[in-house]
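Structural description and commentary
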Amino acid sequence: MPVQPRHPVPAGAPAVPPADGSPADHAVGLAHFNSLPFAAAEAAFLECCGSLRWAHRMAAHRPYPDLGALLAASDEAGYDLAPSDIAEALAAEPAPCLHHDAPRAAHLALRAAHAAYESRFGHAFVICLDAYTPAQHVDQVLAGIRVRMEHEVDEERAVTAEELRRLARSRIVELMTAGPGQ
């Protein structure tokens, strides 16, 4: 379960860009990304979502005309993931972490909540935290686990898949904002 995106989103970068994908800062990154060799694009997509099938599909469908089209393709590929693809993506998610200076009680609470969640559902807890400041992350994760522990297995499977899609979108925006050589 990530408490943050794999790569922090730059300050001021939108969590969800405008639907038209028009921001100029994304255009440079997208043009560079569209020109990458297939293997490099696939590897970059694997950083956004750990499903090889998803990353392969995303890399194969380049070039993308704009960020909106790229994000729509990401969503579509995410909706098509089989349970084994979702399990692969979940296995690739980073382990939960807190800053080492966080109170010991916070570390213990987070570890216990994750253990309970994984015991109930058999996979890591994932949540997209783009709408929250880093100071709110632990509270949102703990609240999210508490609420989602009440879900039936099928309902939680659907919520988990949606959170993976949201994380992929966020990571794609960050990737396109970073641009070449960053």
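Residues numbered from 1 in each chain as written. Predicted model: local features only at pLDDT ≥ 70, side-chain atom pairs only at ≥ 80, totals over all residues. Heavy atoms only, no water.

The next thing to look at is the state of the cysteines. Under the definition given, this model contains zero disulfides. In this structure cysteine 48 is a free cysteine whose sulfur lies 8.4 Å from that of cysteine 49, the closest cysteine sulfur available. Judged by relative accessible area, cysteine 48 falls into the buried class, the value being 3%. (Disulfide = S-S within 2.5 Å. Buried < 20%, exposed > 50% of the residue type's maximum accessible area, 1.4 Å probe, protein only.)

The N-to-C vectors of helix 4 (residues 67-79) and helix 8 (residues 153-178) enclose an angle of 150°; their axes lie 10 Å apart at closest approach. One way to sum up the angle between helix 4 and helix 8 is to call them roughly antiparallel. The element helix 4 and its partner helix 8 pack so that their crossing is right-handed. Residues Leu67, Leu70, Leu71, Ser74, Asp75, Gly78 and Tyr79 of helix 4 pack against Glu162, Arg165, Ala168, Arg169, Ile172, Val173 and Met176 of helix 8. (Axes fitted to C-alpha atoms, helices over the stretch in contact; angles between N-to-C directions. Helix = DSSP H or I, 4+ residues; strand = E, 2+ residues; numbered from the N terminus. Parallel < 35°, antiparallel > 145°, perpendicular 65-115°, else oblique. Left-handed = near helix turned anticlockwise from the far one by under 90°. Contact = heavy atoms within 4.5 Å.)

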